[in-house]
Amino acid sequence: NAGVTQTPKFRILKIGQSMTLQCAQDMNHNYMYWYRQDPGMGLKLIYYSVGAGITDKGEVPNGYNVSRSTTEDFPLRLELAAPSQTSVYFCASRIQRNSPLHFGNGTRLTVT
Amino acid sequence: GESVGLHLPTLSVQEGDNSIINCAYSNSASDYFIWYKQESGKGPQFIIDIRSNMDKRQGQRVTVLLNKTVKHLSLQIAATQPGDSAVYFCAEIISGGGADGLTFGKGTHLIIQP
């Protein structure tokens, strides 16, 4: 199993541009998550999904959108990028609620 | 506020010594705890977990201790090696919480001195 795969690894955006961060998992996990990690800070939940067709907002959803059309994929969309969205983004999945999250290796995004 | 936190942001230990990383939590309803290791440029990696009906769990070179009385969690790493250098953070899941009910601490940076 490849686990959780995120693409791209790095990206630089200009203010106002849009992009989609890709996330795919091959473990047949129902639960998928998007977090952002700022320097010296803990992980902040952006959006999550408990299954295909179901998504919910997390702690910091503003400026982002998600979709979950399949069990495997959970893309994160940034519309009108802002400097405050400069961060490292992690996608994660787990099989059930009381089980560990499996993380991807992240996408480092810079908005200038 | 954050219910999961760490006592020390940086911990420096000699290679070969044991390391102890601490974590405090404030929600007595938390029933599942996880320790993660994050190396530079990588995603968090699962180390070990423990449920609230246990007070100790051992893995390979790692032990997690849970003290529910004082709401304290610790990660012990035996015979620390250079490859153990990383940021370690704990996470808790609150019983009865939703699918998003996972709270992360900020992390402790473990530095291994040769």
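K.L.:
Tell me about the pairing of strand β4 (residues 30-38) of chain B, residues and numbers included.
P.N.:
Residues and elements named next belong to chain B. The element β4 is extensively covered by neighbouring structure, given that nine of its nine residues are classed as buried. Alignment of β4 against strand β9 (residues 86-94), held across eight bridges, turns out to be antiparallel. By the bridge assignment for β9, Lys37 is matched with Tyr88. Sheet topology places β4 next to strand β5 (residues 45-51); six bridges connect them, and they run antiparallel. Pairing of Trp35 across the sheet is with Ile48, part of β5. From the end of β4 to the start of β5, which pair antiparallel, there are six residues, and Gly41 there has a positive phi angle of about 80 degrees.

K.L.:
How would you explain the interface of chain A and chain B if you had to name every residue and give the values?
P.N.:
Counting from both sides, the interface comprises 22 residues of chain A and, opposite them, 26 residues of chain B. Approximately 1700 Å² of surface area, both sides summed, lies buried where chain A meets chain B, with 54% of it carried by carbon and sulfur atoms. The three residues of chain A that bury the most area against chain B are Arg97, Asn98 and Pro100 of chain A, which together make up 30% of that side's buried surface. Where chain A touches chain B, the interface holds zero salt bridges.

K.L.:
Can you break down the state of the cysteines residue by residue, with the values?
P.N.:
As used here, a disulfide is simply a covalent bond connecting the sulfur atoms of two cysteines. Taken as a whole, this structure holds two disulfides over all chains when the rule is applied. Sulfur-sulfur distance for the disulfide between Cys23 of chain A and Cys91 of chain A comes to 1.9 Å. Its torsion about the S-S bond being -70 degrees, the disulfide of Cys23 of chain A and Cys91 of chain A is classed as left-handed. A residue pair is termed long-range when its members are at least 10 positions apart, and Cys23 of chain A in strand β3 (residues 19-25) and Cys91 of chain A in strand β9 (residues 87-94) qualify at 68 residues. For the pair formed by Cys23 of chain A and Cys91 of chain A, the shared burial category is buried. Disulfide pairing is shown between Cys23 of chain B and Cys90 of chain B; the S-S distance is 1.7 Å. Measuring handedness by torsion sign, the sulfur bridge of Cys23 of chain B and Cys90 of chain B sits at about 45 degrees and is right-handed. Separated by 67 residues along the polypeptide, Cys23 of chain B in strand β3 (residues 19-25) and Cys90 of chain B in strand β9 bring together distant segments of the chain. Under the relative-accessibility criterion, Cys23 of chain B is labelled buried at 2%.

About the criteria used
- Residues numbered from 1 in each chain as written.
- Chains lettered and ligands numbered in written order.
- Predicted model: local features only at pLDDT ≥ 70, side-chain atom pairs only at ≥ 80, totals over all residues.
- Heavy atoms only, no water.
- Buried < 20%, exposed > 50% of the residue type's maximum accessible area, 1.4 Å probe, protein only.
- Helix = DSSP H or I, 4+ residues; strand = E, 2+ residues; numbered from the N terminus.
- Pairing = 2+ DSSP bridges.
- Contact = heavy atoms within 4.5 Å.
- Buried area = accessible area lost by both parts, 1.4 Å probe.
- Salt bridge = Lys/Arg side-chain N within 4 Å of Asp/Glu carboxyl O.
- Disulfide = S-S within 2.5 Å.

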